[in-house]
Amino acid sequence: MTVRVRFAPSPTGHPHIGNIRTVVFNWLYARQNDGQFVLRIEDTDRTRYVDNAIPVITDSLRWLGMDWDEGPEVGGDYGPYIQSKRLDIYTQKAEELIEKGWAYRCDCSAERLNEVRERQRAQGDTPMYDGHCRDLPAGAVSPDEPHVIRLKVPREGETLVRDLLHGDIAFDNRLLDDQILLKTDGYPTYHLAVVIDDHMMGITHIMRGDDWISSTPKRVLLYQAFGWEPPIYAHVPLVLGPDGKKLSKRHGAVSIDEFRRQGYLPEALFNFLALLGWAPGEGDEQEVFSRAELIERFRLERINLASAVFDYNKLNWMNGVYIRALDTETLLDHLIPFWADAGLIPTPVPAEMLHTLRVLVPLVQERLKTLRDVVELTDFVFTDIDRPTIEKLLPKKMTPAQSLETVRQVQALLADLVHFDAESMEAPLRQLAKDLDIKPGQLFGIMREALTGKQVSPPLFGSIEALGREKTLQRLERAEDVLMEHLKRQA
RNA sequence: GCCCCCAUCGUCUAGUCUGGUCUAGGACACAGGCCUUUCAAGCCUGGUACAUGGGUUCGAAUCCCGUUGGGGGCACCA
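Rules used in this analysis
- Residues numbered from 1 in each chain as written.
- Chains lettered and ligands numbered in written order.
- Predicted model: local features only at pLDDT ≥ 70, side-chain atom pairs only at ≥ 80, totals over all residues.
- Heavy atoms only, no water.
- Helix = DSSP H or I, 4+ residues; strand = E, 2+ residues; numbered from the N terminus.
- Rg over C-alpha atoms; globule rule 2.2 N^0.38 Å.
- Buried < 20%, exposed > 50% of the residue type's maximum accessible area, 1.4 Å probe, protein only.
- Contact = heavy atoms within 4.5 Å.
- Lys, Arg positive; Asp, Glu negative; His and termini not counted.
- Charge placed at Lys NZ, Arg CZ, Asp CG, Glu CD.
- Pairing = 2+ DSSP bridges.
- Axes fitted to C-alpha atoms, helices over the stretch in contact; angles between N-to-C directions.
- Phe/Tyr/Trp six-rings, centres within 6.5 Å; stacked < 30°, edge-to-face > 60°.
- Lys NZ or Arg CZ within 6 Å of the ring centre and 35° of its normal.
- Polar contact = N/O pair within 3.5 Å; in protein donor to acceptor, adjacent residues only side chain to side chain.
- Near = heavy atom within 4 Å.
- Nonpolar A, V, L, I, M, F, W, Y, C, P; charged D, E, K, R; others polar.
- Core = buried A, V, L, I, M, F, W, Y, C linked by side-chain atoms within 4.5 Å.
- Disulfide = S-S within 2.5 Å.
- pLDDT = per-residue confidence, 0-100.

K.L.:
What's the story with the overall build of chain A in this structure? I'm lost.
P.N.:
Scanning chain A from N- to C-terminus turns up 18 helices and eleven strands. Relative to the globule expectation of 23 Å for 491 residues, the C-alpha radius of gyration of chain A, 32 Å, shows a markedly less compact shape. The principal-axis extents of the C-alpha atoms in chain A amount to approximately 105 × 50 × 45 Å. Residues counted as buried form 49% of the 491 residues belonging to chain A. Here the contacts in chain A between residues at least 6 apart in sequence split such that 75% fall between residues at least 24 apart. Placing the 59 positive and 75 negative side-chain charges of chain A at their respective mean positions leaves the two points 4 Å apart.

K.L.:
Would you explain the sheet that holds strand S4 (residues 148–151) in this entry?
P.N.:
Hydrogen bonding along the main chain pairs the strands of a sheet, whether they run parallel or antiparallel. The antiparallel open sheet is built from three strands, whose spatial order is S3-S4-S7. Looking along the sheet, the strands with just one partner apiece sit at the ends: strand S3 (103–106) and strand S7 (180–182). Within the sheet, the average angular offset between the axes of one strand and its neighbour, ignoring direction, is 40°. Examined bridge by bridge, S3 and S4 share four bridges and lie antiparallel to one another. Residue Tyr104 lies in a different strand from S4, and its bridge partner there is Arg150. Taken strand by strand, helix H3 (residues 87–99) contacts S3, S4 and S7, and its axis lies near 105° from that of S3.

K.L.:
How should the packing of aromatic side chains be read in this particular structure?
P.N.:
The relative placement of two aromatic rings is captured by the distance of their centres and the angle of their planes. Enumeration over the complete set of coordinates arrives at 13 aromatic pairs. Arranged with centres 5.1 Å apart and planes meeting at 75°, the rings of Phe272 and Phe310 form a pair that is edge-to-face. Separated by 38 residues along the polypeptide, Phe272 in helix H8 (residues 266–274) and Phe310 in the loop between strand S11 (308–309) and helix H10 (312–324) bring together distant segments of the chain. Assessed through its relative accessible area of 0%, Phe310 is described here as buried. Grouping aromatic residues by their ring pairs yields a cluster made of Phe259, Tyr264, Phe272, Phe310 and Tyr312. The aromatic ring of Tyr129 is capped on one face by Arg150, whose charged end is 3.6 Å from the ring centroid.

K.L.:
Would you take a moment to explain the environment of Asp243 for this structure?
P.N.:
Here Asp243 shows up in the loop between strand S10 (239–240) and helix H7 (256–261). Residue Asp243 is classed as partly exposed on the basis of its relative accessible area, which comes to 41%. Residues Asp243 and Thr2 lie 241 residues apart in sequence; the distance between their C-alpha atoms is 40 Å. From its side chain, Asp243 meets the backbone nitrogen of Lys245 in a polar contact 3.1 Å long.

K.L.:
How do you make sense of the protein's contact with RNA strand B when you look at a structure like this?
P.N.:
Residues in close proximity to RNA strand B total 63 residues, the closest being Lys183, Thr184, Lys245, Glu366 and Arg367. His166 is positioned with one of its side-chain polar atoms (N or O) 2.9 Å from a sugar or linking oxygen of RNA strand B. Between RNA strand B and Lys183 there is a distance of 3.0 Å, counted from a phosphate oxygen to a side-chain nitrogen or oxygen. Every element with two or more residues in the surface near RNA strand B is listed here: strand S6 (167–172), S11, H10, helix H16 (440–452) and helix H17 (460–467). Its residues assigned to classes, the surface near RNA strand B comprises 26 nonpolar, 17 polar and 20 charged.

K.L.:
For this particular structure, what's the right way to read the nonpolar core?
P.N.:
Counting 76 residues, the largest nonpolar core has Phe310 and Trp339 as its most contacted members. Not counting chain neighbours up to four residues away, the residues in contact with Phe310 comprise Ile17, Val239, Leu240, Pro242, Leu247, Phe259, Phe272, Leu273, Leu276 and Leu315. Of all hydrophobic cores here, the second largest spans 34 residues; its members include Tyr81, Val153, Met201 and Ile206.

K.L.:
How should I be thinking about the state of the cysteines in this particular structure?
P.N.:
What is meant by a disulfide is a covalent connection between two cysteines, made through their sulfur atoms. Going through the model one piece at a time under the given rule, you end up with zero disulfides. In this structure Cys106 is not part of a disulfide, and its nearest cysteine sulfur, from Cys108, lies 3.7 Å away. The class for Cys106 is buried, based on a relative accessible area of 2%.

K.L.:
Please clarify how the confidence of the model for chain A should be interpreted in this entry.
P.N.:
Interpreting fine coordinate detail is not advised for predicted regions of low pLDDT. Looking at chain A as a whole, its pLDDT mean stands at 93, while 100% of the residues score no less than 70. Interface confidence in the predicted complex, given as ipTM, is 0.94; pTM for the same model is 0.93.

K.L.:
What exactly am I supposed to notice about the pairing of S6 here?
P.N.:
Where a strand is regular, its side chains alternate between the two sheet faces. Sheet analysis places strand S5 (residues 158–163) next to S6, joined by six bridges and oriented antiparallel. From the neighbouring strand, Thr159 faces S6, where its bridge partner is Phe171. The hairpin formed by S5 and S6 contains three residues between the paired strands.

So this is what it looks like as structure tokens:
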């Protein structure tokens, strides 16, 4: 049997990182078994439809490196893959259920339904349809008048959900609602459409969030009603925010697009997501996996049952691991959009600026948690920095006069340097510290403040090379001014 | 309220099915140290966990039951 799994999002906005983690499991399972991964759009709720949502979903999947064998944009033998284009199928199947005695028409008003629900709630009962239209004689509700079609859930017995991960879960049928299958507007509800489509599309395994467990018996009943074999269910845990609640916007980034804009590499995010609820086990402590390794090593049966907290810290670490593994040119390509977005460089990048960037990349590579960090780390190269304050130019145990002399000597040295690069300036600068009888740290501290405006910067000599001789000398001159003014005021 | 799921360091997890090798292993984060022009990276060291009560057993993180805690569901939403 060929494995066929699916991702069936509704086009209501950006895909959520928690749902995407579940998609990762599905995709890995399909690829590992040489199966098919199907993308199906569940747009049966016209009130929540968001116009641009489908391309957002497909872009997100593609960015993360997950392709689909059938679905929008690629077609397939089981289409259409957009539910709103399959309405006639659902209507026909719903009628079929009525004929079989598994469904009935209902024309109860929303007001009546609300009243019933409120009464039940007040009494502490589980709100559910009271069966008002359930046993009406055939034809009592005209097919031509507005109405819904409901599932006729058996009033006794229990329904068993077989789950690959959880085992068998039994539900008392009396607690199951007569679920609406076809809405007044002629659209199916999720429950009807999903069962029909999964069956007709030959889906073999359904992996999805365990928040669906409670509604699964209704689906199992539908399979029984149609006389179809249900797929294999595997309910996987949800992803929570750091406070233990369902992950949401207030926890930080939740849409794939946000992670991309914040400078996460898709390979790192994919790796991280795969580890949210799955681990190789058997004593294997590997955590960094290539896509190919994940496809090979992933085991559906090993998915954890407990929900996992999304740890941004660990994602940052893993993103850093992936960034450090990149070669300079690749990292440069990744970084350019972030420099450009911050307004630090123009696009396309002028040739002479490209040289500066190439100097910078190795300096920042092991300092980046996200690609966007490069902005904060290197902005001083591209923009003006604040005039240094006198305090910042005075390392411990140094007088203003000493500092001034130091700045002047550095200026002279760098002005005369034949090759203005990191390698050429290190030895003479270290010698200068000796000559001035100060510690290298004191010298470099002053220079760092004067040239980068920061107490923390990328390695100094490389930063100076990237900055270039002209700007370097200008900034040293400004530091000299600050020190001279201070001395004059003191005198 | 009713129904369902879950439970090992702060977090992700290994170990649970097939009880003993677990004075519970790894990773992230945190603290200290080394390296060092700052910050990183790297290396070394450290603290922190089997929710709880009862069984079963020679022996339980591992099996059973209760309790507690957390999460989810109860729509003409998916």
